Every structure is written in C-alpha cells, then in structure tokens.
Amino acid sequence: MSRLGKITRRTLLVGAVAVAGGAAFGIYQIRRPVANPLRPEDGATLNPYVIIDRAGISIIAPRAEMGQGVHTTLAALVAEELDADWEQIRVLHGPPAAAYYNAALAHGALPVPEYAMKDWQRSVAHGIGAASKLLGLQVTGGSTSTVDGFERMRRAGASAREALKAVAADRLGVGPDQLRTEAGQVIAPDGREIDYRELAEDAASRPVPQVALRHPYDWKLLGRSLPRSDMRAKATGQAQFSTDIVLPGMKFATVRICPYLGGSMAGFDPAPALAIPGVEQVLDLGDGIAVIASNTWAALQGAEAAQIDWTQSPLPATTGAMFDQIARAFDDRPNSTMRDQGKPDDQSAQLEVEYRVPFLAHSTMEPMGATAHLQDGHLTLWVGNQAPREHLKVAAEAAGLAEENVTLHTVFLGGGFGRRVETDITRQAATIAAKLPGTPIRLTWSREEDMRHDFYRPAAIARMRGAVENGRITLLDAKVAAPSVTRAAIGRLTGRSMGGPDKGHVEGAFDQPYDIPHYRVAGHLADLDVPIGFWRAVGNSFNGFFHESFIDELAHQAGADPLQFRLDHVGPESPVAAGTLEAVRDLSGWGQPLPEGRARGVAMTWSFGTPTAVVIELAREGGAIRIPRAWMACDPGLVLDPGIVRAQMESGLIYGLSAALMGEITFTDGRADQGNFPDYDALRMFNTPQIEVAIVQDNPHMGGVGEPGTPPAMAALANAHFALTGERIRSLPLIRAADYLI
Amino acid sequence: MTRSLTVNGHRTEVAASPQTPLLWVLRDELGLTGTKFGCGVASCGACTVHVDGQAVRSCQLPLGEVRGDVTTIEGLGADGLAPLQDAWIRHQVAQCGYCQSGQIMQAADLLAANPDPSDAEIDDAMGGNLCRCGTYSAIRAAIHDAARALRSGGAG
C-alpha cells in the first residue's frame, strides 16, 4: 500500500505548488504571442520540473524513459544548475500536461535538409516549435528529448537554485551573492549549511529569478557518463512497468481482437472460455473480446478457447498483392519532390534498379499492457507510453469521463521504438475498467496479440536511376513509394488529417549531404490501409537503406573505393558528415588487407540531426556468414552523456541489423503470418557483432542519438554482403538471400 | 486446491491450478513482478528464475511440477545486491530493463556452474535471452566482472 500512497502524494505535489510540506517550482516562462512569428512568446505559465519535499529533491522528466536514458540526461540538466547531489535525487515521469510539450518535435518541420539549414531557417523552425505548444504534444519521439530539454531544463534548475538562495539570504541577513550552493545545500560565508528542504516552501512562492546559465567548462555532471537514475531498480526487479502495479482485489485481463486487420467480430461464444478454471467474465469489445480471470494465464487460456466469428479484412489477400498496390503509387503524380537539382530527365542512366523492404513489427520486449482502476467515478491508469496527453484523452473517451476525472501515471516502458505513442492499449484498459467499476484490472497482451496488432513500419519500394562519370555521380534519381506513416500516425495522434508534401516519407533520401549535379528524390504515397506507425528512425529506416545501397552501387560502377567515393561527394556538402566517415575509416582501419573470407561494407546517413557512419565486417564460417565486427562514428554535436550516447548507438545498430537480417512481417488475408519470436526474431548475444563507437563533436547543432544508428546499419550490412559475395541485395531481409548464422 | 511453494526462502500457500505456469503464480498470485512475461513460449528468457539453483523458463513450468525452492530476482541478493547485480550497475547494463531480470538469473546459473566463462561460453549460455535494446556487450562485460569478483572471494 505504501507504493500507492507514495504515488498519490507525489501526484498532489506535481499538481499543486506546495502541499504536505513539498514545494514545486514553476520555472519555464513561455511568452505571450506577439505578431512576429519569429519571436518567442510572452507571458508566464508555471511548469513544474522540480519538487523538493521532506524526502529530498525529485526532478520531473517530461519525456518517457524507454531505455534511451532520457531520465538520466534530463535530470542531469536540472541537477547541474540546481547543485543537487546526483546520488540523492529521484526522477519521476511528468503527468499529462500541456506544459511539457515537445518543442523540438517541430524542428524537422521545414522542407529543407537538416544538414543544410541556414541560421534563419533554424530560427523559423524554433518559432514553429514555440507555436507547437498550442498543440501541446507531450511526445517522446524523433530523438528530440535532449534537444528540447537542453535550455529549459537547465533554466529550471538555475531558477530554483536562485530562489532557494534568495530565501536563505533573507534568513541569514546576507546578500545572495555571498552564498554558494552544493549538494542540495546553501552554504553561508561562515560555513553554515542550510538544506534545500528547509528553504523549499518559502522559495516556491518567490518570483522566478532569471539567471544566466553556467558555461559548459563549469559543468560537473553534464558531459560525463553518469550512473543512470533507473539502473539499480532495473538490476533488482524493482522497476515498475505497465503490468507491475499491485492493487488489492485486482483481476487479470487479456484481449483477443480480430487478427484480420480492418475486420471485426460477427459474434462469439464465451462458454468455452468460461469453462476454463479461473475465468470469470468475457466482455464484448466490439472488434474482439476481453477475458477477465483470477490470473493472467487463465485469461490467456480463456481468450484462446472462446469461439469467435471474425469478419474479413478489406486488405489485399497476400503480401505480394500489397506490394503491387504500393507499386501502383508510382503511376500517380508524386506527393513531393523535395530534392530537385539539375535536369535528371535529360540524363541517361547506367543503373536502373528497384529496392524493396518489408513491413516490420516493433517487437518491444514488454508486450502491450496497462493497469486501470475505476473507483467512485475516477479512473486511474498506469501505462508506459510516449504521449501521455493523448493517452489521457483516449482513456477519458473510452470510459465516458471528463478528462479531469482521469489520472494517468506513465511508468517505465519495456521498449518503445515508437509503438507506445499509440493509444490502443489505453483505450482497451479504460474500456474494461469502466465495465468493472471498483475492480482494478491488469491487462496483458499475449506476444501474438502484440505482433498481430502492431502499427507496422510500412513496406516500401524505391526505383533508382543513376550514372557516374570520372569517378563522380552525375545522376541520382530516386522515387520512393509506401503508405504514409505521417498521415496515418499524426492523423491518429492529433485527430487532424495531414495534407501537403510529406517530408517524413522521403527523409533519409532527399536530405542526405551528397554533392550530385542531377539529383532528384520524389515521394509517392501508396493507398494501402495496413496499420502503420512510427518505427525507430521512421522514413529513414527504409530510405537510408535505399539511398546508401544505391550510393554503394554507384561507387562500384565507378570502380571506386566505397568509403573514399562517399567522402568525395559528401566533403563539399558537409564537412561534419565527412568527419564521421573519416572517423569510422580510422577506427575500423578501413582499406587494410583482410583475411580470406572476410569483407566490409560502409554506409553513412544523416538523420535526426546526427550524421552516423557505420562499417560492418562479414566473415564466412563453414557454409554460413556471420557478422563479427561493427564500427560506428556519429556526430551529435555537444555530448551530454557519452556512456548513454554510446549505448544508444549500439542499440540503434543492433535494432537495424536485426531488421535487415531477419525482420519481415507478411500477411495472409490481412492477418500477420508471424506471431512470436520463433517467427520474428532479433539478434542475440552470439550473433551480435563486437561494436566500437567513435563520438565526434564537431557538429555545431545538437542532434539526437536514439534513432540515427539504425538506418546506416541496414545499408552497411547489405553493402558488406555485396563486398563478400558479389551479390547485390535489393530486397530485405537478407536471410531470404543467403545463409547467415542466426 | 492449494499448494505450498518456497519462494526466496519463504514458504507460502498458493491457490492456483497445478497447470498454471510458475511465471503467473509469481506475478499474479504472489505479487513478485520482477519476473517478466515476454513470449510465453520459452523463446526470450524474460521469465527466467531458479528452481534449486537451476535457471528455468517459468512460463513453461507448471506449478504442479515445481520440485524445489524457487529464487526470483527479488531474492537473488539475500542481503543487498548479488555480485551480478553489483556488476550490472557498475557496467550500466540496462536500457529499458524489461529483460534484465531474466538475463541476471540466467547469468547467475552460468556462474554457479562455470566460475570463469569464456566469451564463447557466455554466448552459449545467454543465447536464449533476448534483449531488444541490444545491451549484449554490457551484459558480457558485467558477467566477466562479476565472475572476477566471485573468484576473488565475494559472497555468492
């Protein structure tokens, strides 16, 4: 019970300025709208990032911790300026609140390649970011959390520190400039120490002081690898995920929803489910059922046993027919031509090739789940999610409640990768809880339910034309066709239909830093209603593979070394991107002779503000191929925590290699053929390469790190495969073409 | 239909059918949520616990067939942190953390049998434990480190 008590107490503290001896500091000031859209806005909204109560200092992280280490880095931004003791602070997920909008999400809104943005364009993007507060999108995604928090979280810490000092100065009768702060204490000139906890309540009612931020040279926490705030809980089994909340009288639920996507339920017979010991109720959810039981296993057995008549899916009956539908998009006018240089139509092509990539599942380690409890007209949910305000809204709708009668706790996410933006699990949990007032329910999906009801990375096709002359690319003409993730996912998230050129659809292809005279990238949106969504690196996940595979083909057409060939074309456009190629060349010893049966491939992509170059080495072993080594170099600009950056780079690489090597979702009659890890596996310890990472910090603008490792990994693998075998892989996954050690 | 079970040194009565996999007894009946559900088909290792010191996939072990004392992640370090947990923290292994209870329990089984495993032996032992965040290099380093600590006399 103490756990629940603690959560409730903290929730009160977040919502109010000072309750039960705690104090929440409102820090960030958003200015009121003025006529000039390039100006930031005026006027104050108090947004809480810091709580000081009797137990100590809690830092509120506005973004979801899904493994990427964002709690640690965001908290360090506050703690750096606040002079909090790192070992003593607690980090909490922020509640759903407009104050926690993600301004950096909008930084990619302009139709220009990020690497080539001028300062004025960055200002415009920043202005759009301030305006995005109106949408209030509290979303963790797009590798934006650190970029978004970099200023305002430090300001939160600095303003709180100055408010605490001001109170201490009054009490001591000295000027604030005579005081210093350290490890959660204000220290007087005579050495007397006053704990922040004794000052917090008075400090909370002070006007918010605006102070200059510390110079990076003076940083004590930022810039080094900190012990992660979530590490101990995760090594001891204490970290709470969506289905780890224990409430008295709890029942256990699972669902079985129509697997024929777009289909529904014509009818069902609950009797076989109710015959399973432990099964208590079977609920009609419209497009499927929920089974309520005395434990999750009984619920899973019951869901399996129920007799259900499904209606058909409107989707094409086979995966092949889906690809045909995607290919038909090439017949229509392009939705966008965001790169259009020279006269590609006047150039004759030496290479004309087509690439294809499959649908992919997110396959987070933790299947979708949630805990919900409707009591006395108030719904409380615990769900790991990447968009708390949207989840709250959906929960309220589903339960037929006003939003103020819903409390949503974001708990740790057992992997996100874009999947937990989606609100389907929350809608189900709220619906079930509303049907069982007074009974807490823990909803757990089976792995099969998770894999068959994903919002998939879409399948995509690229048609490429290219030519080289004297070692240089003269023509690169790319067309990309796929259903639009932007339209599907942003539409679901905001309830608005998106029109206009779809940048996300061609990101990773149109925005790469190559100097090519005749260079065009056109995006074609396919009309295919498979549920699709944000999947780590989104459009870059397929376009990075298309573009960097084709660059490799052109390098071989030119008879050039693929790494030097890239440098020759990237150098004039972006010294920062070229720097990552040079770094990975040096790190890997590129060009040195390799033993028989070994070969290497390279790729470089620029995504989410961070150019990342990858070299993959392959080795023949018996009749199979394995991936012994990988080298990466990234340039995210100023690095706040090198340990976390390195971990994210490795993570992104492994996620990309897993997909490129063996990831594929296929459909029969609209139902995913793959249901569990034996059909949809990922790299494991024995087939994961030894990875080395170089971090360069020449980029003048801070980039993300959660996603940029994924796109180049896929292309580098296929390029290494060509170097080893002479066979160009233009269709993923690779295991369809060759025998890999998996 | 109650059955007695010893978990983390405590004897307890459980009222669940004997077919119920140990995983769900631990999580739903006993509130020991450190052990995770990942696949239900012994393909990911997230549910790994010990029965009499041996790693088992608790999603496949029916309650009625549990013969021995059960240890979960909550009971691994009897007095504070087990050496593996200590190494996990030193090496900052976890990302999302969902698979890590199972990884640690599997690694503990390995070190009990092999106090100085090679990389290849670690790969063999850990191949059934999936991590979608890709923390494998840190896991391997932490296992080597914990093995060193145990050999130099750290308590089990």
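For clarity, every value in this text was computed on a predicted model and none was experimentally measured.

## Some words on the overall build of chain A
In terms of helices and strands, chain A carries 19 helices and 27 strands. Against the 2.2 N^0.38 benchmark of 27 Å for 742 residues, chain A shows a C-alpha radius of gyration of 27 Å, consistent with a compact globule. Reported as C-alpha extents along the three principal axes, the dimensions of chain A are approximately 80 × 70 × 55 Å. Looking at chain A residue by residue over its 742 residues, the buried ones come to 62%. Carbon and sulfur atoms form 48% of the exposed surface of chain A, whose accessible area is close to 26500 Å². In chain A, 69 positive and 84 negative side-chain charges are present, and the distance between their average locations comes to 3 Å.

## Considerations on the domain arrangement of chain B
Residue and element names in this part refer to chain B. Split by domain assignment, chain B resolves into domain 1 (2-76) and domain 2 (83-151). Between domain 1 and domain 2, the C-alpha centre-to-centre distance is 21 Å. Surface buried jointly by domain 1 and domain 2 totals about 1300 Å² across both partners, of which 56% is contributed by carbon and sulfur atoms. At the surface where domain 1 touches domain 2, the tally comes to zero salt bridges.

## Topic: the side chain of Ser446(A)
Along the chain, Ser446(A) turns up in the loop between β18 (441-444) and α12 (447-452). Not counting residues up to four positions away in its chain, the partners in contact with Ser446(A) are Thr254(A), Leu300(A), Pro367(A) and Phe37(B).

## Regarding the sheet that holds strand β24 (residues 624-634) of chain A
Residue and element names in this part refer to chain A. Taking strand neighbours across the sheet as the criterion, the four strands line up as β22-β23-β24-β27 in an open arrangement whose pairing is mixed. Edge positions in the sheet fall to β22 (598-607) and β27 (690-695), since each of these pairs with one other strand and no more. Neighbour-to-neighbour, the strand axes of this sheet turn through a mean angle of 20°, independent of strand direction. Note: β22 against strand β23 (residues 610-621), 10 bridges, orientation antiparallel. Bridge pairing in β23 places glycine 601 opposite isoleucine 616. Helix α16 (residues 562-570) rests against β22 and β23 of the sheet, and its axis sits at about 20° to β22. Each of β23, β24 and β27 touches helix α18 (residues 642-662); the most contacted strand, β27, lies at about 130° to it.

## Considering the interface of chain A and chain B
Of the residues lining the interface, 56 residues belong to chain A; the matching set on chain B comes to 51 residues. In total, chain A and chain B occlude about 4200 Å² of area from one another, counting both sides; carbon and sulfur atoms represent 60% of this. Considering only the surface of chain A that becomes buried against chain B, Trp297(A), Met365(A) and Met685(A) emerge as the three largest contributors, covering 21% of it. Counting across the chain A and chain B interface gives three salt bridges. Asp244(A) is the partner of Arg27(B) in a salt bridge, and the nearest nitrogen-oxygen pair spans 3.0 Å. Between the two partners, chain A and chain B, sit 24 residue pairs in polar contact (both at pLDDT 80 or more). Elements with a minimum of two residues in the side of chain A that touches chain B: α6 (231-235), α8 (296-305), β18 and α18 of chain A. Per-element tally for the side of chain A that touches chain B: the top contributor is α18(A), with seven residues. Per-class residue counts for the side of chain A that touches chain B are 26 nonpolar, 19 polar and 11 charged.

## A closer look at the sheet that holds strand β11 (residues 288-293) of chain A
Residues and elements named next belong to chain A. Here we have seven strands laid out as an open sheet, ordered β10-β11-β8-β18-β15-β16-β17, and mixed in their pairing. Each edge of the open sheet is held by one strand with a lone partner, namely β10 (279-284) and β17 (406-409). Averaged over neighbouring strand pairs, the angle between their axes works out to 20° when direction is ignored. As paired strands, strand β15 (residues 369-375) and strand β16 (residues 378-382) are joined by five bridges and run antiparallel to one another. Directly across from threonine 371, in β16, lies its bridge partner tryptophan 382.

## As for the domain arrangement of chain A
Residues and elements named next belong to chain A. Assigned domains within chain A: domain 1 (2-235), domain 2 (251-312 + 368-444) and domain 3 (320-359 + 456-736). Contact residues are listed per partner, giving 32 residues for domain 1 and 32 residues for domain 3. Both sides of the domain 1 and domain 3 interface together cover about 2200 Å² of buried area, and 63% of this is carbon and sulfur. Among the residues domain 1 hides against domain 3, the three largest losses belong to Glu114, Tyr115 and Ser143. Together they make up 29% of the total. At the boundary of domain 1 with domain 3, the tally comes to zero salt bridges. Between domain 1 and domain 3 we count nine residue pairs in polar contact (both at pLDDT 80 or more) in total. Among the elements of the structure, α2 (70-82) and α4 (145-172) are those that each provide at least two residues to the side of domain 1 that touches domain 3. Looking at the side of domain 1 that touches domain 3 residue by residue, the classes come out as 16 nonpolar, 12 polar and four charged.

## Considerations on the environment of Thr48(B)
All names here are of chain B. Mapped onto the elements, threonine 48 comes out in strand β3 (residues 48-51). Exposure remark for threonine 48: the relative accessible area of 2% places this residue in the buried category. Residues threonine 48 and leucine 23, 25 residues apart in the sequence, show an inter-C-alpha distance of 8.7 Å. Dropping the residues within four chain positions of it, threonine 48 is found in contact with Ala55, Val56, Arg57, Gly102, Met105, Gln106 and Asn129. Of note is the side chain of threonine 48, whose polar atom sits 2.7 Å from the backbone oxygen of glycine 45. Looking at threonine 48, its side chain comes within polar contact range of the side chain of arginine 57, at 2.7 Å.

## Some remarks on the state of the cysteines
Scanning the model with the defined rule gives zero disulfides over all chains in all. Just so you know, Cys39(B) is unpaired, no disulfide at all, and the nearest cysteine sulfur is the one on Cys44(B), 3.8 Å from it.

## Considering the environment of Asp641(A)
All names here are of chain A. Note that aspartate 641 resides in the loop between β24 and α18. Placed 568 residues apart in sequence, aspartate 641 and threonine 73 show a C-alpha to C-alpha distance of 6.9 Å. Dropping the residues within four chain positions of it, aspartate 641 is found in contact with Thr72, Thr73, Arg224, Ser225 and Leu226. In terms of polar contacts, aspartate 641 uses its side chain to reach the backbone amide nitrogen of leucine 226, at 3.1 Å. Here glycine 643 takes part through its backbone nitrogen, which lies 3.1 Å from a polar atom of the side chain of aspartate 641.

## Comments concerning the nonpolar core
Phe359(A), Leu476(A), Ile616(A), Leu717(A), Trp88(B) and Ile143(B) are the most contacted members of the largest nonpolar core, which totals 164 residues. For Leu476(A), the contacting residues outside a window of four places in its chain are Met464(A), Arg465(A), Ile516(A), His518(A), Tyr519(A), Arg520(A), His547(A), Phe550(A), Ile551(A) and Leu554(A). Among the nonpolar cores identified, the runner-up in size contains 46 residues, and Tyr100(A), Ala156(A), Ala169(A) and Met702(A) belong to it.

## A look at the pairing of β18(A)
All names here are of chain A. On β18, burial covers both faces: Ile441 and Leu443 on one face and Arg442 and Thr444 on the other are all buried. Here three bridges tie strand β8 (residues 251-257) to β18, and the two strands are oriented parallel to one another. Its bridge partner being in β18, lysine 251 is matched across the sheet by isoleucine 441. Alignment of β15 against β18, held across four bridges, turns out to be antiparallel. Opposite alanine 370, over in β18, you have leucine 443 as the bridge partner.

Conventions and cut-offs
- Residues numbered from 1 in each chain as written.
- Chains lettered and ligands numbered in written order.
- Predicted model: local features only at pLDDT ≥ 70, side-chain atom pairs only at ≥ 80, totals over all residues.
- Heavy atoms only, no water.
- Helix = DSSP H or I, 4+ residues; strand = E, 2+ residues; numbered from the N terminus.
- Rg over C-alpha atoms; globule rule 2.2 N^0.38 Å.
- Buried < 20%, exposed > 50% of the residue type's maximum accessible area, 1.4 Å probe, protein only.
- Areas by Shrake-Rupley, 256 points an atom, 1.4 Å probe, with all protein chains shown as cover.
- Lys, Arg positive; Asp, Glu negative; His and termini not counted.
- Charge placed at Lys NZ, Arg CZ, Asp CG, Glu CD.
- Domains from an automatic or database assignment.
- Buried area = accessible area lost by both parts, 1.4 Å probe.
- Salt bridge = Lys/Arg side-chain N within 4 Å of Asp/Glu carboxyl O.
- Contact = heavy atoms within 4.5 Å.
- Pairing = 2+ DSSP bridges.
- Axes fitted to C-alpha atoms, helices over the stretch in contact; angles between N-to-C directions.
- Polar contact = N/O pair within 3.5 Å; in protein donor to acceptor, adjacent residues only side chain to side chain.
- Nonpolar A, V, L, I, M, F, W, Y, C, P; charged D, E, K, R; others polar.
- Disulfide = S-S within 2.5 Å.
- Core = buried A, V, L, I, M, F, W, Y, C linked by side-chain atoms within 4.5 Å.

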